[in-house]
Amino acid sequence: MTDPRATPKRWQRFLPKGLFGRAFLILIAPVVILQIVITLVFIQRHLDGVTRQMSETVAMELRSFAAVVERQPDIADVEHVLAELSDSIGYPLSFAEDDYIDPQIRRPFYRIAARALIETLQSLIKHPISVDTERVPKAIDVKIQLSKGVLTAQPPERRMMSANPHFLLVWMAAVSVFLLVIASLFLRNQVRPIKQLAVAAEAFGKGQPAPSFKPAGAEEVRRAASAFLTMRSRIERQIAQRTLMLSGVSHDLRTPLTRMRLALAMMDDDPDAALLSRDVDEMERMVDGFLAFARGQEAEEVTPTDLRAVLDDVIEGGRRLGHEIISALPDPLSPEGPDTTLSLRRDAVHRCLRNLIENAVKYGGGKVWVTLDAEPRRVTITIEDDGPGVPEALREDIVKPFFRGDAARNQDSGGGSGLGFSIAMDVMRAHGGDMVLSDSAHGGLQVRVHFPR
Ligand SMILES: Nc1ncnc2c1ncn2[C@@H]1O[C@H](COP(=O)(O)OP(=O)(O)OP(=O)(O)O)[C@@H](O)[C@H]1O
Ligand SMILES: [Mg+2]
């Protein structure tokens, strides 16, 4: 089984983890890219065209002024004519007699209007020109070399550019932010039912009381949610039926057993009675085992429990019976020790660990090793022995209810009913964990149980 929370690939680490983030990215990425493309391509070209046309007008004005000046027979009139023209056109015009220009042109890339004007001037005016973009703020200083002197004009830049081109961009950004906020509100509502389903399924998987919820949201999500709810109630019903049946059988067996015990008590001193009495004892123990298995862990509440302490308790119990148990558990007093507190059914987990350690004692070579590892996502307990182990082919069978190995059957001290592993497995499953059997480095069986956090 692959862990859904396994470490993601390198590039996936940069993506949002949740559905909301991902859906939002899917929504926002095309919008942003579209806006950038539109801004760069369309608006740029449109503004370029407008600027070109406007600067052409200015260039044509300047050309006609130059022609007017050239045509004046008397230089003395030029000043007067230019003053009149300047008044009507709205920017300064002047003439310097017998002057010469240095026809040099600098065109900084950021002065879009100046660049357009220079280009059109060069194609429209045959006289040498010089253009200075820096001398006058917000205007362009143009000098035209005429036959009798230099004509200077300072058309303002706004004559060549459309006003407030960024206005459109501001509008676009504002509207998209507004739309994205609305989209995110709707998206959040769609994601909520999926989150609820995930929480309920996770809790059910760990055997914890699941919050009840009503299927909501998009149709697919609603279908998945109601399928989950149906499945959950079916599983709960099946567990209840199994419990009912097993406890019924056990209970019915107990009545004749009690009668037999009474009859045996009457027959004192009979050597056969002693043997029979031992058998009745064993049967009673088995029936108790069945009842415990059937009852399962239903009644018990899940509470935050220190798993390390539970394990320690089981180990201490084993040691008191004289078993050699070598344990490696984190120090409970160390402040930077790992956190081993989980949501557990304490008694069930205690029974599970006791069954496993009992098995290692009973079928092992005398020594048992127990370790606890606290990992970020789970806590693992490993139980090993130095006995003969279990052949691979049998491992699947021995965790089934009522299955007992040959050695166990021949052991008359045993009295086991073949339920130890099944109960342990049951408990682990009910906590959303699992149990793995393998070979131990010490020669015997290795049992690992994983508790998810
Ligand atoms: N550590 C082990 N080494 C070798 N065989 C084992 C080990 N643990 C269990 N087994 C085998 O697996 C069988 C099933 O074990 P399980 O604990 O389910 O039942 P049991 O021990 O026979 O009875 P119960 O636990 O109910 O008293 C055992 O009968 C035994 O043959
Ligand atoms: Mg056992």
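Residues numbered from 1 in each chain as written. Chains lettered and ligands numbered in written order. Predicted model: local features only at pLDDT ≥ 70, side-chain atom pairs only at ≥ 80, totals over all residues. Heavy atoms only, no water.

(A) Representation of the site of ligand 1. Lining the immediate environment of ligand 1, one finds 19 residues, of which Asn-359, Tyr-363, Asp-385, Gly-405 and Phe-421 sit closest. For ligand 1, an oxygen atom lies 3.0 Å from a polar atom in the backbone of Gly-418. Contact with the protein chains hides 91% of the accessible area of ligand 1, taken as 600 Å² for the molecule alone. When residues of the shell around ligand 1 are traced back to their parent elements, those giving at least two are α8 (346-363) and α11 (420-430). Considering every element that reaches the shell around ligand 1, the biggest residue donor is α8, with four residues. Residues belonging to the shell around ligand 1 are distributed by class as follows: nine nonpolar, seven polar and three charged. (Near = heavy atom within 4 Å. Polar contact = N/O pair within 3.5 Å; in protein donor to acceptor, adjacent residues only side chain to side chain. Areas by Shrake-Rupley, 256 points an atom, 1.4 Å probe, with all protein chains shown as cover. Helix = DSSP H or I, 4+ residues; strand = E, 2+ residues; numbered from the N terminus. Nonpolar A, V, L, I, M, F, W, Y, C, P; charged D, E, K, R; others polar.)

(B) The domain arrangement of the chain, seen in detail. Domains assigned within the chain are domain 1 (22-159), domain 2 (177-295) and domain 3 (299-452). Here the C-alpha centre of domain 2 lies 86 Å away from the C-alpha centre of domain 1. In this complex, domain 1 contributes four residues to the contact, which on the side of domain 2 involves four residues. Taken together, both faces of the contact between domain 1 and domain 2 bury some 380 Å²; the carbon and sulfur share is 98%. Linking domain 1 with domain 2 are zero salt bridges. The interface formed by domain 1 and domain 2 includes zero residue pairs in polar contact (both at pLDDT 80 or more). Grouping the amino acids of the side of domain 1 that touches domain 2 by side-chain chemistry returns four nonpolar, no polar and no charged. (Domains from an automatic or database assignment. Contact = heavy atoms within 4.5 Å. Buried area = accessible area lost by both parts, 1.4 Å probe. Salt bridge = Lys/Arg side-chain N within 4 Å of Asp/Glu carboxyl O.)

(C) Highlighting the environment of Ile-357. With respect to the secondary-structure elements, Ile-357 resides in helix α8. Residue class for Ile-357 comes out buried when judged on its relative accessible area of 4%. Taking the C-alpha atoms as reference, Ile-357 lies 7.9 Å from Ile-315; in sequence the two are 42 residues apart. (Buried < 20%, exposed > 50% of the residue type's maximum accessible area, 1.4 Å probe, protein only.)

(D) The arrangement of the sheet that holds strand β1 (residues 93-97) in detail. Strands sit in the order β1-β4-β3-β2 across an open sheet of four strands; the sheet is antiparallel. Looking at strand neighbours, the two that pair on one side only are β1 and β2 (129-132), the edges of this open sheet. Along the sheet, successive strands turn relative to each other by an average axial angle of 15 degrees, direction set aside. Packing of helix α2 (residues 75-89) onto the sheet brings it into contact with β1 and β4 (149-153), and relative to β1 it is tilted by some 165 degrees. (Pairing = 2+ DSSP bridges. Axes fitted to C-alpha atoms, helices over the stretch in contact; angles between N-to-C directions.)

(E) Seen up close, helix α4 (residues 166-205). In a regular helix each residue adds 1.5 Å, so 40 residues correspond to 58 Å; α4 covers 56 Å between its end C-alpha atoms and thus fits that length. Where α4 bends most, at Val-191, the angle is about 25 degrees, and the proline Pro-193 comes one to four residues later. All of the buried residues in α4 are Ser-176, Leu-180, Ser-184, Leu-187, Val-191, Pro-193, Leu-197, Ala-200 and Ala-203. Among the structural elements, α1 (19-71) and α5 (219-266) are those in contact with the buried residues of α4. Two residues or fewer past α4, Gly-207 is found with a positive phi of approximately 75 degrees. (Expected span 1.5 Å × (residues − 1). Bend = angle between axes of the 7 residues up to and from the residue.)

(F) Examining the pattern of salt bridges more closely. The final tally for this structure, using the stated rule, is 15 salt bridges. Where Arg-159 meets Glu-61, a salt bridge forms, and the shortest distance between an N and an O atom there is 2.6 Å. Note that Arg-159 is positioned in the loop between β4 and α4 and Glu-61 in helix α1, a separation of 98 residues in sequence. The exposure class assigned to Arg-159 is partly exposed, which follows from its relative accessible area of 23%. Among the salt bridges present, the one from Arg-395 reaches Asp-439, with a minimum N-O distance of 2.7 Å. Placement of the pair is Arg-395 in helix α9 (residues 395-398) and Asp-439 in strand β10 (residues 434-439), with a sequence separation of 44 residues. Residue classification places Asp-439 among the exposed positions, given a relative accessible area of 54%.

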